[in-house]
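# Tertiary structure, described
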Amino acid sequence: MTARQCILSLFLISIVLPTFAEDSDDSTLIVNWDGRYRYESQLGNTAGGTPMIMIHLLTVAKGETPCHLEINGFQTAENLICAAETSGARIDINFVSHAGGSVKNSYGVTVYKPGETLFSLERSAQDGDLITHWGTLTPDGVKSQSGAYFVKEARGEPLSPPQQKRLDLSSPDKQKNESSE
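Summary of the structure given here. (Residues numbered from 1 in each chain as written. Predicted model: local features only at pLDDT ≥ 70, side-chain atom pairs only at ≥ 80, totals over all residues. Heavy atoms only, no water.)

Picture the strands of a sheet paired through backbone hydrogen bonds; they go either parallel or antiparallel. A sheet is described by the order of its strands in space; here 9 strands give the open sequence β8-β7-β6-β5-β4-β3-β2-β1-β9, paired in antiparallel fashion. The sheet terminates laterally at β8 (146-147) and β9 (151-152), the two strands that pair on one side only. By the bridge criterion, 5 bridges tie strand β6 (residues 117-123) to strand β7 (residues 130-134) in an arrangement that is antiparallel. Bridge pairing in β7 places Glu-122 opposite Ile-131. (Pairing = 2+ DSSP bridges. Helix = DSSP H or I, 4+ residues; strand = E, 2+ residues; numbered from the N terminus.)

Ranked by internal contacts, the top residues of the largest apolar core, which has 26 residues, are Leu-58, Leu-69, Leu-118, Phe-119, Leu-121 and Phe-150. Mapped onto this core, the elements with two or more residues apiece are β1 (35-45), β2 (51-60), β3 (66-73), β4 (76-87), β5 (90-98), β6 and β7. Apart from the residues lying within four places of it in its own chain, the contact partners of Phe-119 are Leu-58, Leu-69, Ile-91, Asp-92, Ile-93, Thr-132, His-133, Trp-134, Gly-135, Leu-137 and Phe-150. (Core = buried A, V, L, I, M, F, W, Y, C linked by side-chain atoms within 4.5 Å. Buried < 20%, exposed > 50% of the residue type's maximum accessible area, 1.4 Å probe, protein only. Contact = heavy atoms within 4.5 Å.)

Let us now look at the pattern of salt bridges. All told, the structure shown has 5 salt bridges when counted by the stated rule. Put simply, Arg-38 and Glu-40 hold a salt bridge, and the shortest N to O gap is 3.9 Å. Given a relative accessible area of 11%, Arg-38 falls into the buried group. By relative accessible area, which is 17% here, Glu-40 ends up buried. Here Arg-90 makes a salt bridge to Glu-122, at a shortest N to O gap of 3.6 Å. Residue Arg-90 is located in strand β5, and its partner Glu-122 is located in strand β6; the two are separated by 32 residues in the primary sequence. (Salt bridge = Lys/Arg side-chain N within 4 Å of Asp/Glu carboxyl O.)

The subject of this paragraph is the packing of aromatic side chains. Evaluation of the coordinates by the stated rule reveals 9 aromatic pairs. With centroids separated by 6.2 Å and ring planes inclined at 45°, the aromatic side chains of Trp-33 and Tyr-37 adopt a geometry described as tilted. Exposure class is identical for Trp-33 and Tyr-37. Each is buried. Put simply, the rings of Tyr-39, Phe-119, Trp-134, Tyr-149 and Phe-150 pair up and form one aromatic cluster. (Phe/Tyr/Trp six-rings, centres within 6.5 Å; stacked < 30°, edge-to-face > 60°.)

Looking now at a nonpolar patch on the surface. Together, Tyr-107, Val-109 and Val-111 give the surface a local cluster of nonpolar side chains, amounting to about 340 Å² of exposed area. Inspection of the secondary structure assignment puts Val-109 in the loop between β5 and β6. Owing to a relative accessible area of 43%, Val-109 belongs among the partly exposed residues under this scheme. (Patch = residues over 30% accessible without salt bridge, like charges linked within 9 Å, V, L, I, M, F, W, Y side chains within 5 Å. Areas by Shrake-Rupley, 256 points an atom, 1.4 Å probe, with all protein chains shown as cover.)

Shown next as structure tokens:
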């Protein structure tokens, strides 16, 4: 075998081998988890007709141990500091504390214990779907402990028009302005 044939063979192996490894087993899939992930749910309407929307926004940053989870919406405003533990195609989001450093929420109640897995995200090697596995944090309205809940946001992506309109409806002032037009 000539030197040229050896180089060509090594090149071909380097292209084919990683693809084979990713397809053979989910545990060998390496996923870059950096970014923002959103889960938005609508829990119906209040008696007055205002939509009850909940938004879970997870931020995972490269090189930073803590990740951040904001949960905002109907009668809820939480800001949690988490630890992200990655293992191939899976990331576990574990509770560390509330934003102020306390393990108790603003009402003085300990809802989560440090180290508990709030939820996990898993990227499927077959179709690339992002699957959420709920742990100690299971939002109201969730119908299954595992499913396609979170989506990764594109960098700098604004809310889509349907989401903006839905969010604007939660403000009585916006409803008055829209109905008067």
